[in-house]
Amino acid sequence: MSKTWWKILGSILVLYSTIGGLLIGVPRLAILNETIRNLYFHVPMWFAMITLFSISVFYSVMFLLRGKESYDIKAVESVNVGVVFSILGLITGSFWAKFTWGQFWSFDVKQNFSAIAILLYFAYLILRNAIDEEQKRAKISAIYNIFAFPMMVVLIMVLPRLSDSLHPGNGGNPGFNSYDLDSRMRAVLYPAFIGWSIIGFWIYTIRFRIRNIENKQQHN
Amino acid sequence: MQLAKEVKYLIHKEVLLEWRSKYTINGVLLYVVSTIFTCYLSFVSLGDKLTWNALFWIIMLFASINGVSKSFLQETKGQQLYSYILASPAAVLISKMIYNVLLMLILTTIALGFYILVFGTYNGTNLLMYYLAIILGAISFSTVFTMVSAIASKAGNGGMLMAILSFPIIIPILILLIKLAKNAVDGLPWDTSYDEIGMLLAVNAVTVATALLLFPYLWRE
């Protein structure tokens, strides 16, 4: 029980935010209408991605300090899961854009920079494929991972704020928080943040264990 | 104090080596000039300020990738060992970065001159601000590409990895630079560009700081 409580918590929170997100009342706003419910799915994806990439950077730092192989596997697996979440975030975002901005991909700054940030992590994965020697691969990719992380933060969070964007919270637009996120929405959104992050972490631990077993089989 | 001495010595070494062969500077210069000339032959005249600005930065991007990536990719094992015995990793990195900034400053200045000669300028361009954008560009290209070329050179196969690894990192910086330069071409007052200038300085500070922290791990095998 002590090992599974957080998995149960994560499942309950995600279930609650999915069902509650579709049923609980939302503010009526022009243009947004019912698509505002996408907030409960779109934003938590990015939140989970940031969580996973932060875990990855943490283990990359730990690898450089300690040099244990398992840290390297943890770093790469959390990137693998984080990339999936980022793609989900991009997809939910473009669906939302279809119904509010008119197009799936309108080359908005936020969309472009998010795509580039994902490229950053694809580059990390390609860098890993380019090196054969295990220790060397672990060290160099850890260094690139740490070097790329601040750039990812700049790309996703800072740059869109400086330019004209349709996305809420960017280009002088007010964020959702300031005018229309009422207490009913908060009651679903914040559990969704925590729930999806836990689910992402759970997937990552499973992937890590699979990789660990595979590695052991290879060495035998 | 020791660090400053080592950095000074290493920069001296780099400049001396370059001065003897003059390979990088002449090579990249020829590259820039022939690219600009090719662009001139294919575009004949650039329609608007936007294209004028974007084309210049794209040429600069590829020129600086070619110029700066030489710093680690073209070093032999023996040369690396030599500076490893001689100096601390921080000194090696800082000296390379400063040397590359100097190299890029000379190159971009000449390139801008030639570009203006070929394509002309627009009325009301704030050349001083444009030159500031170029200085900031030289600094940011050098810092980022120096570190990435160090990573790529350790990873073994240089050229392609260099492009894959550096493009996503340089794009945010390039966008800021293009925006700043666009403000200059449009002749906007200085206070409209403080955001971009501050942002560029901040990004550079972060890059240099992380590079300095990480390089010692990359350096030792």
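Residues numbered from 1 in each chain as written. Chains lettered and ligands numbered in written order. Predicted model: local features only at pLDDT ≥ 70, side-chain atom pairs only at ≥ 80, totals over all residues.

Draft legend 1. Just the overall build of chain A, in detail. A count of helical and extended segments in chain A gives seven helices and zero strands. The linear arrangement of helices and strands in chain A, starting from the amino end, is α-α-α-α-α-α-α. Taken over the C-alpha trace, chain A has a radius of gyration of 19 Å; the compact-globule value for 220 residues is 17 Å, and the two agree within 12%. Principal axes of the C-alpha set define a box for chain A whose edges measure 60 × 45 × 25 Å. Taken over 220 residues, chain A has a buried fraction of 40%. (Helix = DSSP H or I, 4+ residues; strand = E, 2+ residues; numbered from the N terminus. Rg over C-alpha atoms; globule rule 2.2 N^0.38 Å. Buried ≥ 20, exposed ≤ 12 C-beta atoms within 10 Å, placed from the backbone.)

Draft legend 2. Inspection of the interface of chain B and chain A at higher detail. Each partner contributes to the interface: chain B provides 22 residues, whereas chain A provides 22 residues. Looking at the side of chain B that touches chain A, the elements with two or more residues in it are helix H7 (127-155), helix H8 (158-186) and helix H9 (194-219) of chain B. Considered class by class, the residues forming the side of chain B that touches chain A number 17 nonpolar, three polar and two charged. (Contact = placed C-beta atoms within 7 Å. Nonpolar A, V, L, I, M, F, W, Y, C, P; charged D, E, K, R; others polar.)

Draft legend 3. Helix H1 (residues 5-23) of chain A, seen in detail. All names here are of chain A. Relative to the 27 Å expected for 19 residues at 1.5 Å per residue, H1 spans 26 Å between its end C-alpha atoms, a close match to the ideal helical length. All buried positions along H1 are accounted for by Leu13, Ser17 and Gly21. Angularly, the buried residues of H1 cover 45 degrees about the axis, an arc narrow enough to put them on a single face. Away from its buried face, by an angle of more than 90 degrees, H1 presents the exposed residues Trp5, Ile8, Leu15, Ile19, Leu22 and Leu23. Turning to H1, the residues buried within the fold contact helix H2 (39-66) and helix H7 (183-219). (Expected span 1.5 Å × (residues − 1). Arc of directions from axis to C-beta.)

Any functional reading would require information beyond the geometric quantities listed.
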